[in-house]
Protein chains: 2
Amino acid sequence: MPRTAQLPEIPFIGTLQREAGPLSRQLAQAMRDAVARGELKPGEPLPSTRALAEALGVSRGTVVEAFDQLVAEGIFSAQHGAGTRVAAALDRSPASRQRERKTVKLPAKVKAFANIKKEFAALPPVPFAVSVPAGAAGPNEVWRKLGNRLRGGDAAPAGYSEPQGVLALREAIADYLRRSRSVHCEPHQVVITTGTQQGLFLSCQILMEDSDSVWVEDPAYRGITAILESIGFKDSIVHVPVDEEGIDVAAGIEMDAQARVAFVTPSHQFPLGMPLSMGRRKALLAWAEANQGWIVEDDYDSELRYAGHPFPALQGLAPERVIYLGTFSKILYPSLRLGYAVVPDALVDAYVGARILMDRYPPTADQYVLAAFIKEGHLDRHIRRVRGVHAERRAFVIETLERFIAPDLAWLQPSDQGMHLVLWLAEGLDDREVATLGREAGVALRPVSSMYGGSRRPSGLVLGFSGFEDKAIEDAARKLAEILKTLAD
Amino acid sequence: MPRTAQLPEIPFIGTLQREAGPLSRQLAQAMRDAVARGELKPGEPLPSTRALAEALGVSRGTVVEAFDQLVAEGIFSAQHGAGTRVAAALDRSPASRQRERKTVKLPAKVKAFANIKKEFAALPPVPFAVSVPAGAAGPNEVWRKLGNRLRGGDAAPAGYSEPQGVLALREAIADYLRRSRSVHCEPHQVVITTGTQQGLFLSCQILMEDSDSVWVEDPAYRGITAILESIGFKDSIVHVPVDEEGIDVAAGIEMDAQARVAFVTPSHQFPLGMPLSMGRRKALLAWAEANQGWIVEDDYDSELRYAGHPFPALQGLAPERVIYLGTFSKILYPSLRLGYAVVPDALVDAYVGARILMDRYPPTADQYVLAAFIKEGHLDRHIRRVRGVHAERRAFVIETLERFIAPDLAWLQPSDQGMHLVLWLAEGLDDREVATLGREAGVALRPVSSMYGGSRRPSGLVLGFSGFEDKAIEDAARKLAEILKTLAD
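Since this is a predicted model, take the numbers as computed values, not measurements.

Peer 1: Can you help me understand the overall build of chain A in this one?
Peer 2: A tally of regular secondary structure across chain A gives 16 helices and 14 strands. For chain A, the residues scored as buried account for 59% of the 489 residues in total. Across chain A, the fraction of contacts at a sequence separation of at least 24, relative to all contacts at a separation of at least 6, is 72%. Counting every atom, chain A has about 18700 Å² of accessible surface; 55% of that belongs to carbon and sulfur.

Peer 1: Looking at this structure, I do not really get the nonpolar core. What am I missing?
Peer 2: The nonpolar side chains of soluble globular proteins are, as a tendency, buried together. Phe263 of chain A together with Phe263 of chain B are the most contacted members of the largest nonpolar core, which totals 78 residues. Those residues in contact with Phe263 of chain B, other than ones at most four positions away along the chain, are Leu200, Ser203, Cys204, Met208, Val214, Trp215, Val216, Glu217, Ile224 and Val296 of chain B. Ala174, Ile383, Leu423 and Val434 of chain A belong to the second largest nonpolar core, which has 67 residues in total.

Peer 1: Hey, could you run me through helix α5 (residues 109-119) of chain B in this one?
Peer 2: Turn by turn, an α-helix covers 3.6 residues, leaving residues three or four places apart pointing in a common direction. All names here are of chain B. Within α5, burial applies to Val110, Phe113, Ala114 and Ile116. Relative to the axis of α5, the buried residues are bounded by an arc of 150° and lie together on one face. Exposed residues pointing more than 90 degrees away from the buried face of α5 are listed as Lys111 and Lys118.

Peer 1: Would you mind going over the pairing of strand β10 (residues 339-342) of chain B with me for this structure?
Peer 2: Regular strands show a simple pattern: their side chains alternate between the two faces of the sheet. All names here are of chain B. Because side chains alternate across β10, one face comprises the buried residues Gly339 and Ala341, and the other comprises Tyr340 and Val342, equally buried. Relative to β10, strand β9 (residues 322-327) runs antiparallel, the two sharing 4 bridges. The residue bridging Leu325 from the neighbouring strand is Ala341, located in β10.

Peer 1: Explain the relation of the copies chain B and chain A here, please?
Peer 2: Look at the two chain copies: a rotation about an axis and a shift along it is all it takes to match them. With an RMSD of 0.2 Å, chain B superimposes on chain A once it is rotated by 180° and translated 0.1 Å along the axis. Taken together, these values place the two copies in the relation of a two-fold axis. Ranked by how close their C-alpha atoms come to the rotation axis, the residues of chain B are headed by Asn148 of chain B, at 3.5 Å. Mapped onto chain A, 100% of the interface residues of chain B are again interface residues, and the two copies thus contact each other with one and the same surface.

Peer 1: Where do I start with the sheet that holds strand β12 (residues 420-425) of chain B in this structure?
Peer 2: Sheets are built from strands paired through backbone hydrogen bonds, the pairs being either parallel or antiparallel. Residue and element names in this part refer to chain B. Strands sit in the order β11-β12-β14-β13 across an open sheet of 4 strands; the sheet is antiparallel. Each edge of the sheet is formed by a strand with only one pairing partner; in this case those strands are β11 (410-412) and β13 (446-447). In this sheet, β12 lies alongside β11 in antiparallel orientation, the contact comprising 3 bridges. Within β12, the position partnered with Leu412 by the bridge is Leu423.

Peer 1: What should I look at first to understand the packing of aromatic side chains in this one?
Peer 2: Centre distance and the angle of the planes are the two values used to describe a pair of aromatic rings. Within this structure, the stated rule accounts for 17 aromatic pairs over all chains. Summarising the aromatic geometry, the rings of Tyr221 of chain B and Phe270 of chain B are spaced 5.6 Å apart at their centres and angled 80° between planes, so their arrangement reads as edge-to-face. Pair noted here: Tyr221 of chain B is in the loop between β4 (214-218) and α9 (222-230) and Phe270 of chain B is in the loop between β7 (261-264) and α11 (278-291), with a separation of 49 residues, a long-range link. Ring-pair connections join several aromatic residues into one group, and the members of that group are Trp143, Tyr333 and Phe373 of chain A. The ring of Trp294 of chain A carries Arg321 of chain A above its face, with NZ or CZ at 4.7 Å from the centroid.

Peer 1: So what exactly am I meant to see when it comes to the sheet that holds strand β14 (residues 460-464) of chain A here?
Peer 2: Residues and elements named next belong to chain A. On the basis of which strands lie adjacent, the open sheet formed by 4 strands has the order β11-β12-β14-β13 and antiparallel pairing. Lying at the two open borders of the sheet, with one neighbouring strand each, are β11 (410-412) and β13 (446-447). Where β13 lies against β14, 2 bridges are found, and the strand directions are antiparallel. Across the sheet, residue Arg446 finds its bridge partner in β14, namely Val462.

Peer 1: Explain the confidence of the model for chain A here, please?
Peer 2: Residue and element names in this part refer to chain A. Put simply, chain A has an average pLDDT of 88, and 90% of its residues get 70 or more. Low pLDDT, under 50, characterises residues 1-11; the predicted model gives this stretch 18 contacts beyond four residues in sequence or across chains. Confidence drops under a pLDDT of 50 for residues 91-102, and excluding neighbours within four residues, the segment shows 19 contacts in the predicted structure.

Peer 1: Got a minute to help me understand the pattern of salt bridges in this structure?
Peer 2: Pairing of side chains with opposite charge becomes possible as their charged atoms draw close. Residues and elements named next belong to chain A. Evaluated as defined, the whole model comprises 49 salt bridges over all chains. Here Asp299 makes a salt bridge to Arg181, at a shortest N to O gap of 2.7 Å. A residue pair is termed long-range when its members are at least 10 positions apart, and Asp299 in the loop between β8 (294-298) and β9 (322-327) and Arg181 in helix α7 (residues 167-181) qualify at 118 residues. Relative accessible area serves as the criterion here: at 1%, Asp299 is assigned to the buried category. For Arg181, a relative accessible area of 6% translates into the label buried.

Peer 1: I keep staring at the domain arrangement of chain A and nothing clicks. Help me out?
Peer 2: How big an interface is tends to be stated in terms of the accessible area lost upon association of its parts. You can read the domains of chain A as domain 1 (11-98), domain 2 (113-120 + 140-379) and domain 3 (381-488). Look at where the C-alpha atoms of domain 1 of chain A and domain 2 of chain A centre, and you get two points 56 Å apart.

Peer 1: So what exactly am I meant to see when it comes to unusual backbone geometry here?
Peer 2: Across the chain, the bulk of peptide bonds are trans and the bulk of non-glycine residues have phi less than zero. All names here are of chain B. For the bond running from Pro127 to Phe128, omega is 5°, close enough to zero to count as cis. Counting through the fold element by element, Phe128 comes out in the loop between α5 and α6 (140-150). If you check the backbone angles, Gln292 has positive phi at about 50° while not being a glycine. In this structure, Gln292 sits in the loop between α11 and β8 (294-298). Under the relative-accessibility criterion, Gln292 is labelled buried at 18%.

Peer 1: Help me understand the packing of helix α12 (residues 348-359) of chain A against helix α8 (residues 196-207) of chain B, please; the structure alone is not making it clear to me.
Peer 2: Each pair of packed helices can be summarised by the angle the axes make with each other and by the distance between the axes. Running from amino to carboxyl end, α12 of chain A crosses α8 of chain B at an angle of 90°, the nearest separation of the two axes being 5 Å. The angle between α12 of chain A and α8 of chain B places the two elements in the roughly perpendicular class. From α12 of chain A, Ile356, Leu357, Met358 and Asp359 of chain A reach across to α8 of chain B, where they touch Gln197, Gln198 and Phe201 of chain B. Residue classes in the contact of α12 of chain A with α8 of chain B are distributed as 4 nonpolar, 2 polar and 1 charged.

Peer 1: Would you mind showing me how to read a positive patch on the surface here?
Peer 2: A surface patch of like charges, here positive, comprises Arg381, Arg384 and Arg387 of chain A together with Arg25 of chain B. Counting residues per element, the positive patch draws most heavily on helix α14 (residues 378-404) of chain A, which supplies 3 residues. For Arg25 of chain B, the location among the structural elements is in helix α1 (residues 23-36). Classification of Arg25 of chain B as partly exposed rests on a relative accessible area of 39%.

Peer 1: I'm lost on the interface of chain B and chain A in this one. Help?
Peer 2: Taken together, the contact between chain B and chain A spans 99 residues of the former and 99 residues of the latter. Buried area between chain B and chain A, summed over both chains or domains, comes out near 8800 Å², and the portion from carbon and sulfur atoms is 60%. The interface formed by chain B and chain A includes 2 salt bridges. The partner of Lys117 of chain B in a salt bridge is Asp349 of chain A, and the shortest N-O contact between them spans 3.0 Å.

Peer 1: Hey, could you run me through the environment of Ser459 of chain A in this one?
Peer 2: All names here are of chain A. Its location among the elements puts Ser459 in the loop between β13 and β14. Residue classification places Ser459 among the buried residues on the basis of a relative accessible area of 17%. For the pair formed by Ser459 and Ile237, sequence separation is 222 residues and the distance between their alpha carbons is 22 Å. The contact partners of Ser459, leaving out residues within four places of it in the chain, are Trp424, Leu425, Leu429, Asp430 and Asp431.

Peer 1: What should I look at first to understand the packing of helix α13 (residues 365-375) of chain A against α14 of chain A in this one?
Peer 2: Residues and elements named next belong to chain A. Where α13 meets α14, the axes come as close as 5 Å, and the angle between the chain directions of the two elements is 75°. Comparing their axes, α14 and α13 come out roughly perpendicular. Each of Ala372, Phe373 and Ile374 in α13 lies in contact with α14, whose residues at this interface are His378, Leu379 and His382. Counted by class, the contact of α13 with α14 contains 4 nonpolar, 2 polar and no charged residues.

Peer 1: What exactly am I supposed to notice about the pairing of strand β5 (residues 237-243) of chain B here?
Peer 2: Residues and elements named next belong to chain B. Pairing geometry for β4 and β5, over 5 bridges, is parallel. Looking at the pairing, Asp218 lines up with Pro241 of β5. The parallel pair β4 and β5, bridged by α9, forms a crossover whose chirality is right-handed. Taking the residues that link successive antiparallel strands as the turn, the β5-strand β6 (residues 246-247) hairpin has 2 residues.

Peer 1: Sorry, what's going on with the side chain of Gln269 of chain A here?
Peer 2: Along the chain, Gln269 of chain A falls in the loop between β7 (261-264) and α11 (278-291). Setting aside residues no more than four positions away along its own chain, Gln269 of chain A makes contact with Glu217, Pro219, Val242, Met274 and Tyr300 of chain A.

Criteria and cut-off values
Residues numbered from 1 in each chain as written. Chains lettered and ligands numbered in written order. Predicted model: local features only at pLDDT ≥ 70, side-chain atom pairs only at ≥ 80, totals over all residues. Heavy atoms only, no water. Helix = DSSP H or I, 4+ residues; strand = E, 2+ residues; numbered from the N terminus. Buried < 20%, exposed > 50% of the residue type's maximum accessible area, 1.4 Å probe, protein only. Contact = heavy atoms within 4.5 Å. Areas by Shrake-Rupley, 256 points an atom, 1.4 Å probe, with all protein chains shown as cover. Core = buried A, V, L, I, M, F, W, Y, C linked by side-chain atoms within 4.5 Å. Arc of directions from axis to C-beta. Pairing = 2+ DSSP bridges. Least-squares fit on C-alpha atoms with pLDDT ≥ 70 in both. Phe/Tyr/Trp six-rings, centres within 6.5 Å; stacked < 30°, edge-to-face > 60°. Lys NZ or Arg CZ within 6 Å of the ring centre and 35° of its normal. pLDDT = per-residue confidence, 0-100. Salt bridge = Lys/Arg side-chain N within 4 Å of Asp/Glu carboxyl O. Domains from an automatic or database assignment. Axes fitted to C-alpha atoms, helices over the stretch in contact; angles between N-to-C directions. Parallel < 35°, antiparallel > 145°, perpendicular 65-115°, else oblique. Nonpolar A, V, L, I, M, F, W, Y, C, P; charged D, E, K, R; others polar. Patch = residues over 30% accessible without salt bridge, like charges linked within 9 Å, V, L, I, M, F, W, Y side chains within 5 Å. Lys, Arg positive; Asp, Glu negative; His and termini not counted. Charge placed at Lys NZ, Arg CZ, Asp CG, Glu CD. Buried area = accessible area lost by both parts, 1.4 Å probe. Right-handed = clockwise from strand over helix to strand, strands pointing away.

Put into structure tokens, the structure is as follows:
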């Protein structure tokens, strides 16, 4: 039976428990905490070891040992003759930490990275936030069963694993991509990533020298331009305009024919949504071949096509020039953090090496679950189902927006793929202002203008349509319509 | 009933199935694949649309549509009058890919990153590989049960989540670190990482300007020096010597007092194993305060202490100057890829922002499982148990090595923590040569000399002792003894 009861408590120390290990260590920890909490103030004198030992009902040796440890740690100071005190130097009170913090000289990059956090803060899961997974459409039950089945075996927690990703998953993905996207690949070219973002980050690390310039689409996914800015390439970014055929390759060549890398979204331009035309595809590949440049193809949502046949992946036409990136965040669960890069043979080892330095290995358990999910045909079935679900939501959002919003105030950019739409705003309507008013009204909106890097910054909104109920969509559309109307008047 | 049977197969196309979607699309895909597989050769003429339509028992329109698509994609070319051929430009035969690859100009970094992959290749799980999880000691059953319990709720697959990590886990970790390591932290300072490697990578991105120099221990964990080399800081690395008290702060100040960051392993120097003495701790903190420098404390294996009390974390003495890194790879499962950084308030947002650009979010499911594992007391129990298991293995390895290896050929570096030991080799014995011979004999050895960056490169081996049976350890020790003896003679 614990003798706790018999140990008197004194305020700043709390209870010592004989069964919880060496008392001297407990006592030292308790006093450390008291100092940390500011209950023992810097310079404050401590009771004599004898008095404290009596108060605590422990041997004096125990207290001496604890005091010595804290003196050694510089938390207490023992002045000859003057007994032991809390060290004056070591002031940990909140107020002083505040002062300290003010005087700390911060690295220049701190502000930039802190702004990234702000910019990428998720919107609340209300219309029209993008990529809210269609809850009901999720294959949760199948996924859970597969997990339970495998978690005793392959997917059991284990030691260090393949930095490139487990073979079973790389095989399943290679097979899936050959079938569904005409991607030209073998499992040894597939690098499992934590999603498109990591694929982009790795590409930036590997493909570019300090002197290189790089093409990005204008507008572009902030996930790529923000990386380039953060690694010192802000002035090396060539913002190549996008028109109804996608990225304007001729314009890019005119702006900077020597660029080393082109980051593109050929199947569904992000954010505008048009596919890259075949003419442009050929021009882009010709440019890359002639220039020994690399093309990073971000194929983030090609599974979700609602009309016509998708173009096969660019990668299939030039597997030696194209790094193909995909993710399961859109079609399955963002929380999985599983995606892939299909990399030319000559670059595979470099991608694996760079990934080792970033995070060593991808977690293994869900890789096995996903591999089984694909091989057993669940993914194909799920895609067919979820495509239907999203198509229906998409139609409803389009119909609702057109019902509530006057066509002279805003109109939709044509697109037949993905989980979002772009709503262009009439002359004079500032998309950032609309987004702010939206937030206050409980409507989640992303301004398009912030995705432009060139001189042209048209005003529009990126609207997600997945995962919301009719009523929520109608309310949001009504509020958005009011906001636009008020601003226009 | 499928009419497959009535569709004759022709070699390069395979079977078309009416119930499997548009025939023109199937046909185009089949021909694409045939080209990819090299069954249709570049320049090869194709049958007329009429002949092929008859052979396949489909309408001629279907074939024309498929041909048009492939011509549009540049896979086929239609010469006026000469019918349709496989495009000559598009040569995808393995031989030609080989040729192409040879002519591809590769980025300079490719070689460096590819070498990283080689250097970090895992050793086979035989003695004396490091950090092989003690299988039997793993809490697999508890872990699985927790997972099954939570996977229907919190840990169910979901949408995008907290880039900083889920609050439940950050709370559990903050509480655990305050208790066990005297780390001074609140949940809002905890950033969930995929392990120590990501914590180091983030620190390198945030804390250093291009002009800054940085202290690393000599010898040091290659995981940090390799990052610094890969991001262009090779010449900014100050290799500060380590002696029996740990990193020699005075020497560091003499070498470069202005360094911006010091990467250290105070509780158990990697790889040598001594703790940083209290005197050195104070000197290091004083240097950091005076110099407005940052200390990155890698506390990778402090849970595994076999004698005496561990020093509390350096972070507890200067929470505003120290970035504290920890991982669950050593004490739990490497395959989880879960660790943490405890970051000064002023840097939290920057760490989160930088992590967003690397991989957006950590996977969520296992974060909830781990949070419950800690909160319900399983981690503390597991640490107590696994510590005993490792201590026993450690004692056996030490005893065995001393039994087989002559003390004039090799001797152990004293250490009372962690999952590895360092065996110093006698003058004239080259540790890289020993490691190579070891590999051939089926013994996994890491040379210490490769972890040194300064002028001194003593010869020794890093030996892991966890997760191996007596017999395997004895065999490996015997082989190692023979290798050393042969080389010494």
